[in-house]
Amino acid sequence: MEDFDFVTRIVLVVDDEPVNRELLVGMLEDGYSVLQADDGNEAMSLIEQYGEDISLVLLDLYMPNFNGYEVLQKLSENDLLKRIPVIVLTSDSDAEVKSLELGAADFISKPYSSVEIVRARVRRIIKMHEDAAALRSMGKDPLTDLYSTGYFFRRVERIEKFASNRAMDAIVLNVDKYHQINSLYGRTRGDAVLKDIADSLRLELESCFGVACREHADNFYAYVEHQDDAAAFLNRVASSVRKREGIKTLRLRMGVYPEVDHTLPIEERFVRAEHACQSICGNYARKFAVYDADMFRKEAFAHKLVDEFEDALTQGQFRVWYQPQHDIRGDTPVRSGAEALVRWIHPDFGMIRPDAFIPLFEENGLIAKLDHFVWRTVALQIRQWKDDFGDTLPVSVNVSRINTLDPRLENDLQDIVRDCGIENNDLVLEVTESAYADSMGQLVETVNDLRRVGFHVEMDDFGSGYSSLSMLTTLPIDALKLDRSLVRGIVEHKKDLYVLKLVLDIAKSLGLPVVAEGVETKAQLDLLKKVGCDRVQGYFFSRPVPADDFVRFLSSR
Ligand code: C2E
Ligand code: CA
Ligand code: CA
């Protein structure tokens, strides 16, 4: 139903007597669009044509062929059409009861007493009917008394109609770890939090133009006039909720799509606000985020990569590159091994660095498959180099966390080694530091098993995250690989050098060889050598290169 003040309503007058029709048309035509039918048949075809656009039917009961009762009967059988109110026109008072039973909304007796009475009845029935329809659709959320989502979107549409040039923000608000509040403080308290949020939003809406709803659970939508300071909006809501509930740790998160593009579908505007909101999910430092197109593009790109993974793998788009490692203990550096690093040669985007896809694949588990592919490729390559050059260098491969938790890991690795005809100690396994930090117990066992059958295991990225030096004492590893961040500043900053020395001292006291990554300059190399680092890897010697290029390191050995 369109807005009350802006649409002229259609009234259908059904009567076989032309005089009666003209009388009614005369009474109504300056407030309504009037349609006419001279029997039930014609009435039904007009009703079917206009449907609920007809606001009211004025229906004579006695007509030849298809009479008014039959029309009422037909309408009552149709779920949509029975919503159209009908006023019965009759001079027979007995007919009133019967027609009311058949669903008529009211009746007007013939002959028509006065224009005013007829108009008043017509207006009253239409109004009553429209109010009922509005109430029906006016779903309110029983808990918070905010609009239901469906009605909220209709309100936004309405706003768009009358304020299409206004600068508006689409806002998504939700409670961080809401389930924890429920489980720590109980459901009643959880509900109270939601009610408080609704109250705070209502308070905001008193001073700024807009609407709000509870979209579901602890997720709220608001469509409000543009806020210059969205963070302040969030702070007002959050601090009032915290105060009222006395839960200091309560955090609200907000995503804003500011100054919406009015040509976008309304739902899409909230998808963008949701995106912004999700981008800070689990990020304690940030409570609110603004949608930006760049972020959206990045996510679309990420989706594309994940979608294409399987095909890319079967089509050979993943390649393994190799970066040499050098032993620097002696007078001149000696090539001692290599690290295998995966590359994606994409038909549209060219070479994609692993930092762009490994984190994605770690999230959804695809990395397990990719790692297996890399291991097998490397094992075959080692076999090839053995055939071509006799002896060869050990090659390190990355073992992602998800694989370290896989009970078949040892078997799978043994199978690969056997299939390709190499030795277990030709493959060095790099396990990232965070894998140790996460599930120490199980990992220690896995690593022990792997080493028992002859694999070398090194801890990767040491110093990049949650490591503790004490962790080293409990770990059964063959070497420690320092993260680039530990090497980067050692020439310029005394403090960095100091930290490096400390780590090396401890590693030495535990008898652990140390490999430094990201060595880019001669100065870094010299310092590393001086403080007792065993091996290095980095651009100073070579960037990672395709297998064919790596051959030069082997043939000149
Ligand atoms: P990572 O295991 O720490 O690998 C070393 C990274 O440092 C490589 O980046 C390498 O190109 C880069 N690097 C080497 N020397 C230098 C240097 O002197 N300066 C600088 N700035 N960087 C240097 P890459 O190849 O982009 O790989 C990034 C990360 O992606 C790797 O870090 C590793 O975590 C992951 N990754 C790569 N290949 C695989 C794989 O096959 N499986 C798994 N699970 N992860 C992989
Ligand atoms: Ca590595
Ligand atoms: Ca590393």
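As shown above, the structure is provided for reference.
Let me begin by describing the structure that accompanies this report. (Residues numbered from 1 in each chain as written. Chains lettered and ligands numbered in written order. Predicted model: local features only at pLDDT ≥ 70, side-chain atom pairs only at ≥ 80, totals over all residues. Heavy atoms only, no water.)

**Points about the sheet that holds strand 10 (residues 288–290)**
If you trace the five strands from one edge of the open sheet to the other, you get 7-8-6-9-10, paired in mixed fashion. Pairing within the sheet leaves two strands with one partner each, and these edge strands are strand 7 (210–216) and strand 10. The mean inter-strand angle of the sheet, taken between neighbouring strand axes irrespective of direction, is 15 degrees. The pairing of strand 9 (residues 252–257) with strand 10 spans three bridges and is parallel. Counterpart to G255 in the pairing with strand 10 is A289. Taken strand by strand, helix 9 (residues 230–245) contacts strand 6 (168–175), strand 9 and strand 10, and its axis lies near 150 degrees from that of strand 9. (Pairing = 2+ DSSP bridges. Helix = DSSP H or I, 4+ residues; strand = E, 2+ residues; numbered from the N terminus. Axes fitted to C-alpha atoms, helices over the stretch in contact; angles between N-to-C directions. Contact = heavy atoms within 4.5 Å.)

**A short note on unusual backbone geometry**
The phi angle of most residues is negative, glycine excepted, and most peptide bonds adopt the trans form. Here K110 and P111 are connected by a cis peptide whose omega angle stands at -10 degrees. Mapped onto the elements, P111 comes out in the loop between strand 5 (106–109) and helix 5 (115–137). Although it is not a glycine, D145 adopts a positive phi angle of roughly 65 degrees. With respect to the element layout, D145 can be found in the loop between helix 5 and helix 6 (149–162). Non-glycine residue E259 carries a positive phi angle of around 40 degrees. With respect to the element layout, E259 can be found in the loop between strand 9 and helix 10 (266–278).

**Some remarks on the sheet that holds strand 3 (residues 54–60)**
Spatially, 2-1-3-4-5 is the arrangement adopted by the five strands of the open sheet, whose pairing is parallel. Either end of the sheet is taken by a strand with one partner, and the two such strands are strand 2 (32–37) and strand 5. Here the average twist between neighbouring strands, direction ignored, is 20 degrees. As paired strands, strand 1 (residues 9–14) and strand 3 are joined by five bridges and run parallel to one another. The residue of strand 3 that forms the bridge with L12 is V57. Most of the contacts of helix 2 (residues 40–50) go to strand 2, to which it runs at about 140 degrees, and overall it touches strand 1, strand 2 and strand 3.

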